[in-house]
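Here is what each chain is made of, one letter per residue.
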Amino acid sequence: MNDLLLIKNATLVDPEGQYAGMCDLLVKDGHIASIATSGTSMAAPMDTVVLDARGLFLAPGLVDMHVHLRDPGQTHKETIKSGCAAAAAGGFVALAAMPNTSPAADKPEILSYEIEQAATTGVRVFPIAAVSKEQAGKELADFERLAEAGAVAFSDDGHPVRDAAQMLAAMQKAHTLGKRVISHCEDMSLAGKGIVSDTAAARLDVPGIPAAAEAAHAAREAVLAESTGTPVHIAHVSSRFTVALLRDAKRRGAPITCETCPHYFSLDDSLLDTRDADYRMNPPLRQKEDVAAVIEGLQDGTIDAIVTDHAPHTAEEKADFLTAPNGVVGLETSLAVGITYLVRPGHLSMPQLIRKMSSEPAKLLGIDVGTLQVGARADFVLFDPCASWTVQPEALHSKSHNTPYKGMMLYGIVRYTISDGNIVFSKT
Ligand SMILES: [Zn+2]
């Protein structure tokens, strides 16, 4: 660890709005020791590592509350270590790992394994535990023991919790432990064996997943939350119908929160006409109207957080459009997609984007990240918001390269990721 690290001349992006403009920031023993604003340049004590950040924005380390690390069980796609390397390259210092590993994360030992594997990577992994044993939708997992072992939330993500009574019981149990259930909303009686949006399905003559499959299930969750006062968090919102009903529920005071992913505010289902499985994920890309509604939901606060739903699959697995598994990688493009599609067009300010990628998810999970308060852990990212790059899949740190942004030009390059006062990623 660098005992003393001085970041000079950075432009501070503070989600809490305490600081603005050019700043020097001093890190001591892994914590933020002081911040000097508006030209009051800080002198460097002896033995200080000095990092000149002129032209770079400094923000709290990013937090991704929805990641599939594939480890244990599917380490040919990703390992915890390769996933953490991809995360550091994307500006993330903390990940919440979904439990659909093999075996599923329904036991304390698996949670401990995840935390230990991440320990030396510079990126902290916070496990999300399964709602039901083996994610089979039958018996609830042991929430108390899983919370003791470090579970920050509960989810059967990958699958919906089909039974409403089981969902409510899970929400209530999680709530007594100060946690939330994260609900993958997909009414399987409507979604069937669909692989793309219903509109793309009609063009391509393949089975579709209608927007109603997500929205109908999210409506159930909203009513459960509002009628009982029990919080729930809705995963990866993709449809305009879901945005509208969650907005209404929130306005009435329902304790409901939700997230979306970069692909739902930047891409639409016209890409599916290429019959390339790298554009297939669940929920699927939808219409331009849905993209616009997701952006509006981000603007008015209906959507609380931006997550990647990072879902690595190998090129072999993605080779066949019809049979490929769903999912895209996202850790290394998320910040740039946010800058390119939300900040540059003026939909969100930079602090608003950073809030949805750091302090909001940190709050939802109850973890100590996402702040630039003096005394806080020195977890932050330094990035150049104006620099552009072209996404080359083979250059990604993730073990899998299934990015829907391949060949696209994005703005925003992460230069340094700093975790606990240590530089864990740099690109100069
Ligand atoms: Zn999901």
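Nothing here was measured: the structure is a model prediction, and the numbers come from that model.

**Side note on the overall build of the chain**
Check the secondary structure of the chain and you find 13 helices and 18 strands. In terms of overall size, the chain behaves like a compact globule, its C-alpha atoms giving a radius of gyration of 21 Å where 428 residues would be expected to give roughly 22 Å. With the C-alpha coordinates of the chain rotated into their principal frame, the extents come out at 65 × 45 × 45 Å. Within the chain, the fraction of its 428 residues that count as buried is 61%. For the chain, restricting intrachain contacts to residue pairs at least 6 apart in sequence, the fraction spanning at least 24 positions comes to 74%. Carbon together with sulfur atoms contributes 52% to the accessible area of the chain, which is approximately 15,600 Å² in total. Computing the positive centroid from 37 side-chain charges and the negative centroid from 52, the chain places the two 2 Å apart.

**Quick word on the coordination of the zinc ion**
Distances from the zinc ion to its protein donors, Asp157 (OD), His184 (ND1) and His236 (NE2), fall at 2.0 to 2.3 Å. Sequence spacing of the donor residues for the zinc ion, all on one chain, is D-x26-H-x51-H. Placement of the pair is Asp157 in the loop between strand 9 (153–154) and helix 4 (164–176) and His236 in the loop between strand 13 (232–234) and helix 8 (240–251), with a sequence separation of 79 residues. Exposure remark for Asp157: the relative accessible area of 2% places this residue in the buried category. Given a relative accessible area of 2%, His236 falls into the buried group.

**A short note on the nonpolar core**
In terms of nonpolar packing, the biggest core is built from 113 residues, with Leu95, Phe154, Ile234, Leu335, Leu353 and Ile367 touching the most fellow members. Looking at which domains feed residues into this core, each of domain 1 (4–58 + 376–426) and domain 2 (61–365) gives three or more. Residues Ala10, Cys23, Leu56 and Leu58 belong to the second largest nonpolar core, which totals 20 residues.

**Focus: the pattern of salt bridges**
Where charged atoms of side chains with opposite charge meet at close range, the side chains can pair. Counted under the stated rule, the structure contains 18 salt bridges. Lys250 serves as the salt-bridge partner of Asp304, at 2.8 Å between the closest nitrogen and oxygen. On the criterion of sequence distance, the pair formed by Asp304 in the loop between helix 10 (288–299) and strand 15 (305–306) and Lys250 in helix 8 is long-range, its members being 54 residues apart. Under the relative-accessibility criterion, Lys250 is labelled partly exposed at 22%. Across the pair Lys406 and Asp278 runs a salt bridge whose closest N-O atoms are separated by 2.7 Å. Separated by 128 residues along the polypeptide, Lys406 in the loop between strand 16 (380–390) and strand 17 (409–419) and Asp278 in the loop between helix 9 (262–266) and helix 10 bring together distant segments of the chain. Residue class for Asp278 comes out buried when judged on its relative accessible area of 11%. Overlapping salt bridges, with partners in common, bring together Arg124, Asp368, Arg377 and Asp379 in one network.

**A look at the domain arrangement of the chain**
Once the domains are mapped, the chain shows domain 1 (4–58 + 376–426) and domain 2 (61–365). Between the C-alpha centres of domain 1 and domain 2 the distance comes to 26 Å. Contacts between the two partners involve 34 residues from domain 1 and, on the opposite side, 50 residues from domain 2. Roughly 3,300 Å² is buried in total at the junction of domain 1 and domain 2, and carbon and sulfur atoms are behind 62% of that figure. Area buried by domain 1 at its contact with domain 2 is led by Asn402, Tyr405 and Tyr411, which between them contribute 20% of it. Between the two partners, domain 1 and domain 2, sit three salt bridges. Note that Asp379 and Arg124 form a salt bridge whose closest N and O atoms lie 3.7 Å from each other. Counting across the domain 1 and domain 2 interface gives 21 residue pairs in polar contact (both at pLDDT 80 or more).

Parameters and conventions
- Residues numbered from 1 in each chain as written.
- Predicted model: local features only at pLDDT ≥ 70, side-chain atom pairs only at ≥ 80, totals over all residues.
- Heavy atoms only, no water.
- Helix = DSSP H or I, 4+ residues; strand = E, 2+ residues; numbered from the N terminus.
- Rg over C-alpha atoms; globule rule 2.2 N^0.38 Å.
- Buried < 20%, exposed > 50% of the residue type's maximum accessible area, 1.4 Å probe, protein only.
- Contact = heavy atoms within 4.5 Å.
- Areas by Shrake-Rupley, 256 points an atom, 1.4 Å probe, with all protein chains shown as cover.
- Lys, Arg positive; Asp, Glu negative; His and termini not counted.
- Charge placed at Lys NZ, Arg CZ, Asp CG, Glu CD.
- Donors = N, O, S within 2.8 Å, 3.2 Å for Na, K, Ca; no water.
- Core = buried A, V, L, I, M, F, W, Y, C linked by side-chain atoms within 4.5 Å.
- Domains from an automatic or database assignment.
- Salt bridge = Lys/Arg side-chain N within 4 Å of Asp/Glu carboxyl O.
- Buried area = accessible area lost by both parts, 1.4 Å probe.
- Polar contact = N/O pair within 3.5 Å; in protein donor to acceptor, adjacent residues only side chain to side chain.

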